[in-house]
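# A closer look at the structure
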Amino acid sequence: MHKSLTAAFESLNGERFRFIGANSTEYCLPESLRVAPRKNVWWAARLGESVAPRNLCLIEHSGLPVTRRCLGDYLYGCAWDWNPGSELCSHEKRPTTDMLYQYSVSQLNQSMLGHVLSKAGDILAVPENIIPADLFYLSKTLENLPTLLESNESVEEVPKEERRHYFCNISTILSRVMYLNETTVVLSQRALNTTNILLDATETIVNQLALANDTRAMMQGKQYDCRDPDAMQQVHQHDGTVLFRTARLIVLIADPTVANVTGLALFRSKKLHTEGEDLSDAAVHSEVTEEEDFRDYTLRYLYMNQSVESLLAENDLEIGSFIPQHVIEGLDELNKAFTTSDEEEHPDTVEESTTPTEPDELMNDPVITSTPPLRIIITIYYNDHAFRETKNGTIARPNSKIISVSLPGYGSRMPDEIPIYTREITRNLPGRCGYWSFEADNATEFGHWSYDECRLLNVSGSVSLCGCFHLTSFSRLTKDIQMVETVGVSQKFIADKGTLALDIITAIGCSMSLLGVIGIFATAVLFPSWRSKASSKILLQLSCAIAVEMIIIFLEGPDIDHNTISQIECALLGGIFHYIILVTFMWMLITAYLQFMRYVKVLGQLRPAHFILKATVCCWGGPLLIVTLFLSLDYTLYLKRDNLSDICYPHGAALWYGLLLPIGLIILVNLVSFVIVLYHIFTIPSNLTKTADHAMTMAQLRLSVFLFFLLGLPWIFGMLTTGTEDKLFAYLFCLTAPVQGFVLFVYFVLMDPTARRFWCRKLQRFPCFARAAKQAEGEQTTSPNTSFNTYL
C-alpha cells in the first residue's frame, strides 16, 4: 500500500507541487522483505521503538544484534535513523544463539512448548556463556508462546505432570536470569527492551496456565522444588494452593475461595538474622555468588484476615504481601458494577437474555459470561536484574528483594491498598515505596520504577510497610548513580554510530593529552632553568595529576570484568581514581587563584611566602584525607555496581559528598574567577592604536580559551550530560575535557617565549630542524609583544 501510494503521488509531480515522501505516523515501514547482499531485513517498528533485523546479525564486540530505531513524530511521520548493512555482522558461530534465534522466528506448536521452555532453561544454566543477543532472542521466543495457550481447549489438554513442568521451566528461566552478569542484562534491556518483554511474556504464560481449569487439580497444597523434579512437600492444610520454588524465584498460586490464602511471606533463618544487622551496600548492587539464594529462608502463607501490624512486628520478616479481605470483597463489587454498566450499554442483549436460552448459548454470550476464577499469584525475586532502569544519571535501585502480586483477569488497579512488607538491605538510606511500570517516561528508555500509587505506611526497624493500589512488582527503592561522565569514560550501551564517534573522539583526546603532558615533562627534563620557575613547578604537578588520570582511564573502564579482580583491588583502584581527580581539581583551583591575583589584584604580593610548598601539601594531602575517610568507613562504596557503564569508582555518599560536591564547588569558584579575569583583561586596552588593538584582541581571545581549559570548565558539559540523552553536551564534553594536557603544552611550551627559545636552540643542533628553528627564533625576537604571557 505504501509503495502504491508513493507511486501515485510521484506521478502527480509537476509545477504546482513537488512530492517529498509519504510516511506513516505510527510505524517505520520495512524497505524490503527479502535478504539482499550486504543488507539486513527490517520489519515494521513503532515510533520510538528499536528493533533487530529479521535475519541473524550480531555485533561482535557487544554481543547484541545490530539495531535500528524508528524516529519522528506524529506531525511529520516516522523515519528510520540509519540503515546498518550486513558488513557489521560477526561471522562467529554460536550454537546457543543460533538455536534461540531459530526458536524466535519459527512457528512453534503446542507439542514443542515443553521442549522449548526446558531447552531455554538449560541454556541459561551457564551464565558466563550468555551474551545479550541470547537473552533478547529468548525473550522474543517466550513472547510468541502465549499464542499457543490462547485456546482454553489446548491448555486443558495438557497433562498435569507436563503442566507442572511448564511452571517449573518458567520459574527456572527467571531464576537463572538473576544469575546473569548485569552487563548482559542491562545492555540487552537498554538496546531492545529485553527484560520487559521477558517479564511480560512469562507473566502472561503463568496467568494463562493458572486460569486453566486443570490447574485446579494441581492446587492441593503442594510445594515443588524445581531444582529437584522428584522433591515435593505435601501441605494438606493449604488446599487450594501450589508453590514452585527455585534458587532465586518463588511462585505461589492460590485460590482464596478454597484455602483463604491470599499472600506469602518470606522469613530469614536464624543463621541470617542478627538483631540490628545492616548489610553492606555491596550486597544490594554487586554480583552475588551462586550460594546466595533462597535456601536459608522459610515461607509462610498469609490469610486474607491477616493482621497488618502484627506481621510488621515480626523480626525475621524479609518480604511479603497479601490481599486483605476487604479488597477481595471490593473486587466483587467492582465486577458487579462493570457487569451492570455493560448491561446498560447493551439493553437489547439484556432483554434477549431474559428469554429462555440453551446452556450452550448462555456460555457464549459476551455479556453474561461469568467473571474469571479468582487466582492470586505471588512471585518473589531474589535481586533486581530484570528490573533495571536504563536512563542515564540518577536512577532508582531496589533496596530490598522484589515481590510481585497479580490477579489474572481482574486488572492491575485495586479498590483499596494492599500491604507490601520489605526489609531494607542497607539501612538509613532515604527511599520510597515503588512499583515497576512497563511504560516508559520517554522514547529513550524502557520501563521505570514509579511511586504514584504507593506510599509508606509504617516502619519497624529495617522492615517497611507500604500500601499500594497498583498490582505489579514492588520494592523499597533508593537512589543511585547509573553513570557519571569522567574524562574518557562514556556510556557503552548501544553499539551505534553516535557512541562509536564519542569513543573515537575520547580516545583521540586522551592520546593528545598524554602527548602534551609528555612534551611538558620533556621540556622540564631538558631545560633546568625553565623547570626551576615557580610557574613551571605548578604546571608540572598539574600535568602529573592529569597524566595519572589518563593512564587509569586507559587501563580501567567498563570492559574490566567485575569477577577478574578482587573487591580490595577494585576499591583501591577506585580510591586512586577518586584521589587523582580531586588532586587535579585542587591544582585547577590553585591556578584559578593565581590568575585572579595576576589579572585582578595587580597590586601587592602575587604569591604568599612558601606558596609552592603550601599548595603542594594542600593539593596532594587534602584529597588523601577525603579518600582515606570514605575507604575506612565503607570500602564497598568504590566497588563496581555492574560491568556495563560502571567502573571501580566512588558511589553513594562517597560520590555525592566526596567527589561531586567538591568538584561542583571548585568549578563554581573557577567559573566566577574566569568571568572576573576576562572582564579585567578585556577592559585593559583603552588607548591602543588600531593595529595594536587588533593584536591585543587576538591575544585576549587566546588567553580566554587557555583559561577555559586551565580551570577545568569543560567539566560543566560533563555535568550537563548526566541525566539526559541529548548528545550535544556529550560531544562538547568529549571534544574539550580530554585534551586539557595538550592545551597546557601548547600554551606553556609552544606559546611561551622562554620555552620556545630553549627548544629552538636545542633543535638547531639537528641539521633537519636547524633552518626551521632558526627562522622561528628570528620571528620570535622581531614580533611585537602584544600577547599576554602564560605564567602562573
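Residues numbered from 1 in each chain as written. Predicted model: local features only at pLDDT ≥ 70, side-chain atom pairs only at ≥ 80, totals over all residues. Heavy atoms only, no water.

## Considering the overall build of the protein
On a plain count of helices and strands, the protein comes out with 27 helices and 23 strands. Expressed as a percentage of the 792 residues in the protein, the buried residues total 51%. Summarising the internal contacts of the protein: among those between residues at least 6 apart in sequence, 73% fall at separations of at least 24. In the structure as shown, the protein presents an accessible area of about 37,000 Å², 58% of it carried by carbon and sulfur atoms. (Helix = DSSP H or I, 4+ residues; strand = E, 2+ residues; numbered from the N terminus. Buried < 20%, exposed > 50% of the residue type's maximum accessible area, 1.4 Å probe, protein only. Contact = heavy atoms within 4.5 Å. Areas by Shrake-Rupley, 256 points an atom, 1.4 Å probe, with all protein chains shown as cover.)

## Here we look at the side chain of S50
Inspection of the secondary structure puts S50 in strand β3 (residues 50–51). Side chain to side chain, S50 and R69 meet in a polar contact 2.7 Å long. Sequence-distant contacts of S50, that is, excluding residues within four places in its chain, are made with R68, R69, A191 and L192. (Polar contact = N/O pair within 3.5 Å; in protein donor to acceptor, adjacent residues only side chain to side chain.)

## Examining helix α20 (residues 611–633)
Residues spaced three or four apart along an α-helix point in a common direction, a consequence of the helix completing one turn every 3.6 residues. With 23 residues, α20 extends 33 Å from end C-alpha to end C-alpha; this agrees with the ideal 33 Å at 1.5 Å per step. Residues of α20 that are buried include every one of F611, A615, C619, P623, V627 and F630, and no others. Buried residues along α20 sit in contact with α18 (534–555), α19 (567–599) and α21 (652–682). (Expected span 1.5 Å × (residues − 1).)

## Examining the pattern of salt bridges
Counting across every chain of the model gives 16 salt bridges. In this structure, R94 and D134 form a salt bridge, with 3.5 Å as the shortest nitrogen-oxygen distance. Of this pair, R94 sits in the loop between β7 (77–80) and α2 (95–105) while D134 sits in helix α4 (residues 132–144); the two residues are 40 residues apart in sequence, bridging distant segments of the chain. One salt bridge connects E318 with K401, and the closest N-O pair in it is separated by 3.4 Å. In this pair, E318 sits in strand β14 (residues 317–322) while K401 sits in the loop between β16 (394–398) and β17 (402–406), placing the two residues 83 residues apart along the sequence. Its relative accessible area of 4% is what places E318 among the buried residues. With relative accessibility at 6%, the residue K401 sits in the buried group. Because the salt bridges share partners, they merge into one network encompassing E182, D384, R388 and R397. (Salt bridge = Lys/Arg side-chain N within 4 Å of Asp/Glu carboxyl O.)

## Points about the environment of A592
Examined against the element boundaries, A592 turns out to sit in helix α19. Between the C-alpha atom of A592 and that of V677, which follows or precedes it by 85 residues, the distance is 9.3 Å. Contacts of A592, omitting those with residues within four sequence positions, involve N670, S673 and L711.

## Considerations on the sheet that holds strand β13 (residues 297–303)
Spatial strand order, β13-β12-β14-β18-β22-β21: 6 strands in an open sheet with antiparallel pairing. With one partner strand each, in any of the chains shown, β13 and β21 (454–460) form the two edges of the open sheet. Recorded for the sheet is a direction-independent mean angle of 15 degrees between the axes of neighbouring strands. The pairing of β14 with strand β18 (residues 413–423) spans 3 bridges and is antiparallel. Each bridged residue has a counterpart across the sheet, and for S321 the counterpart in β18 is I420. (Pairing = 2+ DSSP bridges. Axes fitted to C-alpha atoms, helices over the stretch in contact; angles between N-to-C directions.)

## Remarks on the pairing of strand β15 (residues 376–381)
Across the 6 residues that make up β15, a large majority, 6, are buried. Of the two faces of β15, both are covered, the one formed by I376, I378 and I380 as well as the one formed by I377, T379 and Y381. Pairing geometry for β15 and β17, over 5 bridges, is antiparallel. The partner of I378 across the bridge, within β17, is V405.

## Regarding the confidence of the model for the protein
Here the protein averages 79 in pLDDT, and 78% of its residues register 70 or above. When the criterion is pLDDT under 50, residues 274–290 qualifies, and its contacts beyond four places in sequence or with other chains add up to 46 contacts. Scored below 50 in pLDDT, residues 349–369 makes 10 contacts in the model with residues more than four places away or belonging to other chains. (pLDDT = per-residue confidence, 0-100.)

## A few points about the side chain of S404
By the secondary structure assignment, S404 is in strand β17. On the basis of relative accessibility, which here comes to 8%, the residue S404 falls in the buried class. Excluding residues within four positions of it along the chain, S404 makes contact with I377, I378, T379, Y381, T472 and S473.

## A short note on the packing of α19 against α20
Between α19 and α20, the least distance of the axes is 9 Å, while the angle of their chain directions is 145 degrees. Viewed along their axes, α19 and α20 form a crossing whose handedness is right-handed. Of the residues in α20, those touching α19 at A571, G575, H578, Y579, I580, L582, V583, M586, W587, I590, Y593 and L594 are F611, A615, T616, C618, C619, W620, P623, L624, I626, V627 and L631. Broken down by class, the residue content of the contact of α19 with α20 amounts to 20 nonpolar, 3 polar and no charged. (Left-handed = near helix turned anticlockwise from the far one by under 90°. Nonpolar A, V, L, I, M, F, W, Y, C, P; charged D, E, K, R; others polar.)

## As for the nonpolar core
Among soluble globular proteins, nonpolar side chains are generally buried collectively. If you look at the biggest cluster of nonpolar residues, it comprises 98 residues, and the most contacted ones within it are F244, I253, I418 and F474. Here F244 is in contact with R164, F167, C168, S171, M218, Y224, C226, L249, I250, V251 and I253, once residues within four sequence places are set aside. (Core = buried A, V, L, I, M, F, W, Y, C linked by side-chain atoms within 4.5 Å.)

## What to know about the UniProt feature "transmembrane region" (unreviewed entry) in the protein
In the numbering adopted here, UniProt assigns the feature "transmembrane region" (unreviewed entry) to residues 500–526, 538–556, 576–599, 611–633, 653–682, 703–722 and 728–750. The span residues 576–599 is 100% helical and 0% strand by assignment, and the distance between its end C-alpha atoms comes to 35 Å. Helix makes up 87% of residues 728–750 and strand 0%, whereas the separation of the span's terminal C-alpha atoms amounts to 31 Å. (UniProt positions renumbered as here; feature names shortened; annotations may be inferred.)

## Considering the sheet that holds strand β6 (residues 68–73)
Ordered in space as β3-β6-β7, the 3 strands form an open sheet in which the pairing is antiparallel. The open sheet has two edge strands with one neighbour each: β3 and β7. Here 2 bridges tie β3 to β6, and the two strands are oriented antiparallel to one another. Residue pairing in the sheet places V51 in a bridge with R68 of β6.

## Looking at the environment of T584
Position of T584 relative to the elements: it lies in helix α19. Here the side chain of T584 touches E549 through a polar contact of 3.4 Å, side chain to side chain.

## Let's talk about the state of the cysteines
Inspection of every chain in the model, using the stated rule, returns 6 disulfides. Sulfur-sulfur distance for the disulfide between C28 and C70 comes to 2.2 Å. When the S-S torsion is 85 degrees, as for the bridge of C28 with C70, the disulfide is right-handed. Here C70 lies in strand β6 and C28 lies in strand β1 (residues 27–28), a separation of 42 residues in the sequence. The exposure class assigned to C28 is buried, which follows from its relative accessible area of 1%. (Disulfide = S-S within 2.5 Å.)

## Some details on the packing of aromatic side chains
Scanning the entire structure with this criterion turns up 23 aromatic pairs. Judged by centre distance (4.9 Å) and plane angle (20 degrees), the rings of F167 and F244 are stacked. With F167 in helix α6 (residues 160–177) and F244 in strand β10 (residues 241–245), the pair connects residues that are 77 residues apart, well separated along the chain. An identical accessibility class is assigned to F167 and F244; each is buried. Cluster of aromatic residues (ring-pair linked, three or more members): Y381, F387, W436 and W449. The positively charged end of R248 is found above the aromatic ring belonging to Y179, 3.7 Å away from the centroid. Over the aromatic face of Y382 sits the side chain of K401, whose NZ or CZ is 4.7 Å from the ring centroid. (Phe/Tyr/Trp six-rings, centres within 6.5 Å; stacked < 30°, edge-to-face > 60°. Lys NZ or Arg CZ within 6 Å of the ring centre and 35° of its normal.)

## What about a nonpolar patch on the surface?
Among the surface-exposed residues, L5, F9, L12 and F17 lie close enough to one another that they form a single nonpolar patch of about 360 Å² accessible area. Mapped onto the elements, L5 comes out in helix α1 (residues 2–11). Judged by its relative accessible area of 42%, L5 is partly exposed. (Patch = residues over 30% accessible without salt bridge, like charges linked within 9 Å, V, L, I, M, F, W, Y side chains within 5 Å.)

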